[in-house]
Amino acid sequence: MKKILVIDDEQYLTSVLYSILEKTGLYEVFIANDGQEGIDLIKKYNFDLIFLDYIMPKVRGDKVLQFVREHSDHKHIKVIIMSGLIDILSNDVVHSKQCEEAANDVSEDRAGTPSPNIFPIHLIEQYGIQGVLEKPFARGKLLSLTQTIFEQEKNGKKKDFNT
Amino acid sequence: MKFSVRLILSVVVVAVIVVPILSFGVFLNGRSILQEHILNDQLESATYLMDRIDRILFRAYQDIQVIGEEDLFEELLEEEKFVMNEKMIDEKALLTGPWNIIFIVDNDGIIIASTDEKEIGRHIAEAPKSNIAYHSAMMGEVYYSDLIISDNTSWPTIIFAAPIRGEKNPERPVLGAVIANFDWPVVTQLLDNISPSTHVHLLNKDGIFIGGRAISGMRILETSFAEDELVKKVLAEKVMGASAATTMIEEDIPILAAYVLQNGYLTYRGCGWGLLMETSQKVAFAPVNKMAVNISIIVTLIMAVLTGIFYFIGKLLIKPVENLNKTVNMIGFEDLSVRAEVKTKDEIGELAHSFNQMVVDLSISKEEIIAAKDYTDNIIKSMVDTLIVVDPEGKIKKVNQSALDLLGYTEEELAERDMNSVFTDEVFTKTKLREFIKEGGLKDYETAYKTKDGKKIPVLLSGAVMRDKAGNIVSVVCVAKDITERIKAEEELKTIQNQLIQSEKMSAIGRLSAGVAHEIKNPLAIIQLSTEDLEEYLPQKDEKIKKSILMITESCQRANNVITDLLNFSHITEMDFHKIKLNEVIDTSVALVQNSARINNITVEWNGQDIEGIELEGGFNLLQQVFLNLLTNAIDAIKENGKITITAELEKAYGDKNVVVKIADTGPGIPENRLSRIFDPFYTTKEPGNGTGLGLSMVYTIIDKHKGIIEAESRIGKGTTFIIILPVAGP
């Protein structure tokens, strides 16, 4: 059985994602509500797929990405990014300067409010991300994307992702 | 010349007035003295004459006594037979008296001897006047009468009588009397001897003429002088020897009169006669008058000579002053180089010297004044701001070049014109001018000037009131700065500020959105997924359940759309801008709404000729979104039956070229209080579910990203016009 790790600071979300994924009976699901917690789990277990929320307080998604990709042990792990803020310009995939700036904008937070970060598309290339899910997404989408990624792996192809 | 004339005139006038007055005074004085003198003289003469008469009569008085004491006559009377030798009596008559008749009368009253033979033998009583004398003498008195007309001779005479006494007899009885008629002409002869210019009248105690000059023609004992003032006066005094002298006018002739009363002499006491001496003043003063005439002539001559002398002296004295005057006259403000000659060391010289000094000072002052005036003139001339000076009644007095340039007038055209031709604030000119004057000044008052063409130019006006020494207002000085540029700049600034505020709103929203979006998306995701998860626990076939889940899903999506739209306009980027043809953008936009418009009977008018070929730097789709949005809004506003007019033209401003596009609809219009908010995000007047209200804010942001400006103008009932200004792409 494939091991899936869901990392998101929203407890309710991880809870419902756990529920949905577990119910398929296909996957063993682990949850982390914190980037660091996620990293600890990655160290501990051998995951096949990580659902990663990009914008999290304390340790942002890309830190986790870094960790995953920089360690040869975990390089192979598939990643699906979940984000509320993805650079969106209809059908244009654009390298947005603004997004980059926003992405680098970490420090000016108001207390308690998550920093307004936006997932920059170019990270897909950079970190070899298999999929991107824009919140809110439907259950169906979630499940089909997961299935597709595992099938691709099985087929040995790396398909371009679909959001 | 005037001074010299004045000088001469003064001298002459003084001479002409003073000298005659003096002379006259002297003359009068002299005359008065002379008069005194003459009067006194006259009086003395009269007195002397009177005295002489008295003496003569006294001698007669004595003589009669002597005759009375003649032995001859004594003997005659005693011895009646003694025959008198007539010659002897005649002798006596001549040697004494003088008598013109002598009587020897005995004590019977018979004339026993006489110088007139005819009388011998007659009774003395036949001559009543002589009779009185006789009786008096017979009493032993020596008698003399007043002047009378003799009974015997019919001539005026004085009867003297003396008693003839018998000396042999110790009792000395009166034997008879000697009666003699005084030869009056002797006296009158005396009177004749007075100078012919003097009238002499001998008057008796009643003021009757008894003797005088033969020529006078007066009749003795007939003419009366009793009414004569002088006579009356003196007679009133009744004092013997009293006299008075005076000036009188007798029969219109001024005379000097003297009147002396008989004083008698020794035993002769007279009869209270008076001697009136009169001299015509003309005669009396003749010498004085003559002298006066002579003096006048001499004085006149002297004055003429003096006048001549003074004239020349005057001229001489005046000459330096004249020269100075000439020099002074040559001085004008224009020519201050003249100097007076200083010839003399006297006051005139000093004056000339002082004058020269003054001219020098004046020269210096003049230069200073000119310099100062040039300085201020230059200031006024080179002033950038306009200067207009008006008098308190509002008439324009002076204008500087800047004002003429600004207003388009010439100096002549504005001189003396009423300020209303230039100042536009009616209130300002009538009321405010007075207020302004009262307060003494005005600072930075925003108003407008009117040019010759009637154009209004906004100005910033400052003014001050100028007063003279007495504090009266002389003029009002108005300095006005053309603030057209400033106002333009202010308006532009306002526009930019508005834009900025709008942008701020946008970016605030934008910035806010990033955080908010995240906070919304997560819950949305949870709702979505949890709901779907729930489905597992609910009966599969229940339609209601299926519907509910569908509604939840769709709502989540809807919410997500809002977030997406919100995020969209934060993320427009100029990186994807190319050169695009604006008229193509509008063409396609119009085409897309054509159907929708036609259905609602709305005409869309668009002619892209004016901007044919004009290119902008921007995003085609983005701009299309803009026009679609605006057109759609217009159609929605009109609803049915209306017109949308799109115009586009080139505008040149500050060297850059812009395209100005206007989209006007015939809708109901937007009220003013809403107009300022239409570009605000989420501002919509549509019902919920009908549009997110993000359309216009999106439009605004897109235009802003294209470095353009969008504004809305609207009038209730007339419609709305959106104005878009976009910069043309560089070459």
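How each quantity is defined
- Residues numbered from 1 in each chain as written.
- Chains lettered and ligands numbered in written order.
- Predicted model: local features only at pLDDT ≥ 70, side-chain atom pairs only at ≥ 80, totals over all residues.
- Heavy atoms only, no water.
- Helix = DSSP H or I, 4+ residues; strand = E, 2+ residues; numbered from the N terminus.
- Buried < 20%, exposed > 50% of the residue type's maximum accessible area, 1.4 Å probe, protein only.
- Contact = heavy atoms within 4.5 Å.
- Areas by Shrake-Rupley, 256 points an atom, 1.4 Å probe, with all protein chains shown as cover.
- Pairing = 2+ DSSP bridges.
- Axes fitted to C-alpha atoms, helices over the stretch in contact; angles between N-to-C directions.
- Core = buried A, V, L, I, M, F, W, Y, C linked by side-chain atoms within 4.5 Å.
- Salt bridge = Lys/Arg side-chain N within 4 Å of Asp/Glu carboxyl O.
- Parallel < 35°, antiparallel > 145°, perpendicular 65-115°, else oblique.
- Left-handed = near helix turned anticlockwise from the far one by under 90°.
- Nonpolar A, V, L, I, M, F, W, Y, C, P; charged D, E, K, R; others polar.
- pLDDT = per-residue confidence, 0-100.
- Phe/Tyr/Trp six-rings, centres within 6.5 Å; stacked < 30°, edge-to-face > 60°.
- Polar contact = N/O pair within 3.5 Å; in protein donor to acceptor, adjacent residues only side chain to side chain.

1. Here's the deal with the overall build of chain A
Assigned secondary structure in chain A consists of 6 helices and 5 strands. Residue burial in chain A is summarised as follows: out of 163 residues, 49% are buried. Excluding contacts between residues fewer than 6 apart, the proportion of contacts in chain A whose partners are at least 24 apart in sequence is 71%. If you sum the accessible surface of chain A, you get close to 8300 Å²; carbon and sulfur atoms cover 46% of it.

2. Here we look at the overall build of chain B
The number of helices and strands found in chain B is 17 helices and 22 strands. Each of the 731 residues in chain B was classed as buried or not, and the buried ones make up 42%. In chain B, once contacts between residues fewer than 6 apart in sequence are set aside, the share between residues at least 24 apart is 59%. Total accessible area on chain B stands at roughly 40200 Å², and carbon and sulfur atoms take up 56% of it.

3. Considerations on the pairing of strand β11 (residues 386-390) of chain B
The side chains of a regular strand alternate, residue by residue, between the two faces of the sheet. All names here are of chain B. The buried fraction of β11 amounts to 5 of the 5 residues, a majority that puts the element mostly inside the structure. Burial along β11 is two-sided: the residues T386, I388 and V390 and L387 and V389 are all buried. Judged from the 5 bridges that link them, β11 and strand β15 (residues 473-482) form a sheet pairing that is antiparallel. Looking across to β15, one finds that L387 is bridged to V479. In this structure, β11 lies alongside strand β12 (residues 396-399), joined through 3 bridges in antiparallel fashion. When the sheet's bridge partners are listed, V389 is paired in β12 with K398. Hairpin connection between β11 and β12: a loop of 5 residues separates the two successive antiparallel strands, and G394 in this loop has a positive phi of roughly 95°.

4. Description of the sheet that holds strand β13 (residues 441-450) of chain B
All names here are of chain B. Reading across from one edge, β12-β11-β15-β14-β13 is the order of the 5 strands in this open sheet, with antiparallel pairing throughout. Looking at which strands have only one partner, the edges of the open sheet turn out to be β12 and β13. Each neighbouring strand pair of the sheet contributes to a mean axis angle of 30°, computed without reference to strand direction.

5. Brief notes about the nonpolar core
Judged by nonpolar contacts, the single largest core of 46 residues is most densely connected at B:I104, B:F160, B:F182, B:L202 and B:W273. For this core, the leading source of residues is helix α1 (residues 2-69) of chain B, giving 12 residues.

6. Some points on the sheet that holds strand β22 (residues 719-727) of chain B
Residue and element names in this part refer to chain B. Strand order in the open sheet formed by 5 strands is β17-β19-β20-β22-β21, and the pairing between neighbours is mixed. Single-partner strands in this sheet number two, and they are β17 (602-606) and β21 (709-715). Going across the sheet, the axis of each strand differs from the next one's by a mean of 15°, ignoring polarity. Along the sheet, helix α14 (residues 582-599) makes contact with β17, β19 (642-653), β20 (656-665) and β22, crossing β17 at roughly 170°. The sheet strands contacting helix α17 (residues 695-705) are β21 and β22, and the helix crosses β21 at an angle near 140°.

7. Here we look at the pattern of salt bridges
The final tally for this structure, using the stated rule, is 17 salt bridges over all chains. A salt bridge links B:E416 to B:K397; the shortest N-O distance between them is 3.0 Å. A residue pair is termed long-range when its members are at least 10 positions apart, and B:E416 in the loop between α10 (411-414) and α11 (426-439) and B:K397 in strand β12 qualify at 19 residues. Given a relative accessible area of 45%, B:E416 falls into the partly exposed group. By relative accessible area, which is 44% here, B:K397 ends up partly exposed. In this structure, a network of salt bridges that share partners links the residues A:D8, A:D53 and A:K135.

8. Quick word on the pairing of strand β2 (residues 111-114) of chain B
Residues and elements named next belong to chain B. Where strand β1 (residues 99-106) meets β2, 3 bridges bridge the pair, whose relative direction is antiparallel. Its bridge partner being in β2, V105 is matched across the sheet by I111. What sits between β1 and β2 in their antiparallel hairpin is a turn of 4 residues, with G109 showing a positive phi close to 95°.

9. A short note on the packing of helix α1 (residues 11-24) of chain A against helix α6 (residues 139-155) of chain A
All names here are of chain A. Remark: α1 packs on α6, axes separated minimally by 11 Å, with the N-to-C direction vectors making an angle of 55°. It follows from the interaxial angle that α1 and α6 lie oblique. With respect to the hand of their crossing, α1 and α6 are arranged in right-handed fashion. Along the contact surface, α1 presents L17, I20, L21 and T24, while α6 presents R139, L142 and L143. When grouped by side-chain class, the residues that make up the contact of α1 with α6 number 5 nonpolar, 1 polar and 1 charged.

10. What about the confidence of the model for chain B?
Looking at chain B, pLDDT values average 81 and 89% of them are 70 or higher. This complex was scored by the predictor with a pTM of 0.38 and an ipTM of 0.76.

11. Concerning the packing of aromatic side chains
Residue and element names in this part refer to chain B. One pass over the structure, following the stated rule, counts 18 aromatic pairs over all chains. Ring centres 6.3 Å apart and planes at 55° place the aromatic pair Y61 and Y268 in the tilted group. Of this pair, Y61 sits in helix α1 while Y268 sits in the loop between β9 (253-261) and β10 (274-280), and the two are 207 residues apart along the sequence. Across the pair, exposure class does not vary: Y61 and Y268 are buried alike.

12. A word on the side chain of A:T14
Residue and element names in this part refer to chain A. The residue T14 is located in helix α1 in this model. Assessed through its relative accessible area of 2%, T14 is described here as buried. Engagement of the side chain of T14 in a polar contact is seen with the backbone oxygen of Q11, the distance being 2.7 Å. Among all residues touching T14, those that are not within four sequence positions of it are V6, D8, I31, A32 and N33.

13. Let's talk about the environment of B:T279
All names here are of chain B. With respect to the helices and strands, the residue T279 is situated in strand β10. Once the C-alpha coordinates of T279 and L39 are considered, the two residues, 240 residues apart in sequence, prove to be 9.0 Å apart. Residues within four places of T279 in sequence aside, it is in contact with Q42, S197, T198, P254, I255, L256 and A284.

14. Focus: the packing of α14(B) against helix α15 (residues 620-638) of chain B
Residues and elements named next belong to chain B. The geometry of α14 relative to α15 is characterised by a closest axis approach of 9 Å and an angle of 35° between their N-to-C directions. Crossing of α14 against α15: the hand is right-handed. Facing α14, whose interface residues are L582, E584, V585, I586, T588, S589, V590, L592, V593, S596 and A597, α15 presents F620, L623, Q624, F627, L628, L631, T632 and I635. For the contact of α14 with α15, the per-class residue count stands at 13 nonpolar, 5 polar and 1 charged.

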